[in-house]
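Overview (structure and organization)
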Amino acid sequence: MVVEVETAFIRDARETSRRRRARMSPRASGTRVAARARVASSRERRARSARARGVFARFELDRTDDDDDALRAMRDAARAAIDVAMSHRRVARVAETKRDATVATTADVAAQAACARRLRERAATATTTFVGEETLRAVEDARVMKDVVDACAGTIGEISVEEVRSALTSRAPSAGEAYFVCDPLDGTKAFVSENEAEQFVFGLARVTPGVGLDRAVMIAPEWPGGGVELVAKKGAGCFARKLEEDVFRRLEMPQPTSLSDELSVVISAHETFEDLPLGKSGVRPTRVSRLCCGSLAKYVKVALGEAHVFIQHPKANGDAFVNSWDHGAGVLICEETGARVTDALGEALRFEESEDKRRFAPGGGGVICAARSIHDDVVRAYARGLEVR
C-alpha cells in the first residue's frame, strides 16, 4: 500500500510539473533541451534581478549568531535536516497520507529526526521540547522506518529506531519552558517534483513563554540565486546568506507609502488574485506572484523584499485552526525584516497561548503579513473585500 500511494503521488507531482514545462516549450524538435534552457535562463534572470535589487548586497556584513548559542544550535539542526532531505530526495517514498490529502515522505521524516538529534546534542539550546509536523503515524510501516534510519545514517551517522520515534513524539512543554516548532519540509509536492523552479523550505522557530517567537531559521535550498538561509533573533534583525557563501547580510524590506505604490503581492499557485478579498476590494498590485508550495516559501519571498504582502486565507472547510509549523519561523523572520504579521482581524498572533502547541486559531481564520507601512491598509482592504459578493 505504501508503494502504491507513493507511486501515484510522485507520478502526479512530476506529471503536473511536466505539463507546466510543456506549456512553455516550443513544439519543434529539441523540445526537452529548449525547455531546460528556458528554465535555466529564467532562473538566471531572476537571480540577476535579485542582485540588481540588492537583496543580498544591500547591507554591510553584520553579526548573526556569534554570541547566541541557541541560534547556532538551530542553524546546525537546520543544515543537518536539509542535508538529510536532499541526499534522500530521489529515492524518498511516501510515508503517510494525511487527512487533508497532503503527504509526508521518508525525507520529511528523516529531516525532522535529524533536526531533533542536533538540538538534543547541543545543550546550549536549554530545552529539547520539540513540536514537529511529522508524527508516529508516518513510521507505522516497518519499511518506512528502515528508510528513515538509513537516510539519517548516510548523512548524520547512525540513529536508532527509538531516537526516530522520540523525534516524532510531541510533548507539551512544562510551565515556563521554551519549545521548538519545526517544519522539516514545507512544500513536499515541490520537493518530489522534478521542476526546480518550485520551492520547498525548512523552518525552525523557538517559542519562549512571555516572549513568543524569539529565534528562527529557514533554508530554501533551491531559491533563485543559489539557495538561501535566513536567520532571525527577536529585536536584533533578520540576516540572509546565499548557501554558496559564508557572509550574512541584514535584510530590511521596502516600505511602500500606500497600496497603490508599486505594490507586490504573493499568492498561492492555485489562487486568482481578483477572486481574493484584496482583489475584490479594488487593490491593484503592480505585480502578483504565484508560488507553490506551502506558506513558508511565501514568507521567504516577503523577507527578501520580493513581495510586500502575503495572506494565508481561511480554509474553505471552515476549520479555524492553522498549523504552528507553517507560520512560526516565517512570522519572526518577516517581522524582523520590517513586516507586521497578524491574524486576519489585525490582532497579534499568540503561538504560546494555544493549549495545543501544534495548532492555533488566528482571528478571522487567516494570517496577514505585510510591510509595516501598509499593514493597517491591507487589513482594512481585506475586510472590505470579504463583504463583496
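Note that the structure is predicted; figures quoted are calculated from it, not measured.

Conventions adopted
Residues numbered from 1 in each chain as written. Predicted model: local features only at pLDDT ≥ 70, side-chain atom pairs only at ≥ 80, totals over all residues. Heavy atoms only, no water. Axes fitted to C-alpha atoms, helices over the stretch in contact; angles between N-to-C directions. Helix = DSSP H or I, 4+ residues; strand = E, 2+ residues; numbered from the N terminus. Parallel < 35°, antiparallel > 145°, perpendicular 65-115°, else oblique. Left-handed = near helix turned anticlockwise from the far one by under 90°. Contact = heavy atoms within 4.5 Å. Nonpolar A, V, L, I, M, F, W, Y, C, P; charged D, E, K, R; others polar. Salt bridge = Lys/Arg side-chain N within 4 Å of Asp/Glu carboxyl O. Buried < 20%, exposed > 50% of the residue type's maximum accessible area, 1.4 Å probe, protein only. Pairing = 2+ DSSP bridges.

1. Regarding the packing of helix H4 (residues 106–121) against helix H5 (residues 142–153)
Relative orientation of the contacting elements H4 and H5 amounts to 55°, with a least axis distance of 9 Å. Taken together, the axes of H4 and H5 are oblique relative to one another. As H4 packs across H5, the resulting crossing turns out to be right-handed. Side by side, H4 and H5 meet where Thr106, Val109, Ala110, Ala113 and Ala114 of the first sit next to Val144, Asp147, Val148, Ala151 and Cys152 of the second. For the contact of H4 with H5, the per-class residue count stands at eight nonpolar, one polar and one charged.

2. Here we look at the pattern of salt bridges
One pass over the full model with this rule turns up 24 salt bridges. Salt-bridge contacts for Arg137 lead to Glu96; the nearest nitrogen and oxygen are separated by 3.1 Å. Of the two residues, Arg137 is situated in the loop between strand S3 (130–132) and H5 and Glu96 in strand S1 (residues 94–97); the sequence distance between them amounts to 41 residues. Overall, the relative accessible area of 10% leaves Glu96 in the buried class. The partner of Arg143 in a salt bridge is Asp141, and the shortest N-O contact between them spans 2.8 Å. Of the residues examined, Arg143 reaches a relative accessible area of 41% and is grouped as partly exposed. Look at the salt bridges and you will find they share partners, linking Asp68, Arg206, Asp214, Arg215 and Lys233 into a network.

3. Description of the sheet that holds strand S4 (residues 179–186)
Spatial ordering of the open sheet is given by S3-S4-S5-S6-S7-S8-S9, a layout of seven strands whose pairing is mixed. Each end of this open sheet is capped by a strand with a single partner; those strands are S3 and strand S9 (249–251). Each adjacent strand pair in this sheet contributes to an overall mean axis angle of 20°, direction not counted. Of the strands in this sheet, S4, strand S5 (201–208), strand S6 (212–220), strand S7 (228–233) and S9 touch helix H9 (residues 295–303), which is tilted by about 85° from S5. On the sheet, helix H10 (residues 328–337) packs against S5, S6, S7, strand S8 (237–242) and S9 and is oriented at approximately 100° with respect to S6.

Interpretation in functional terms is not warranted from these geometric data alone.
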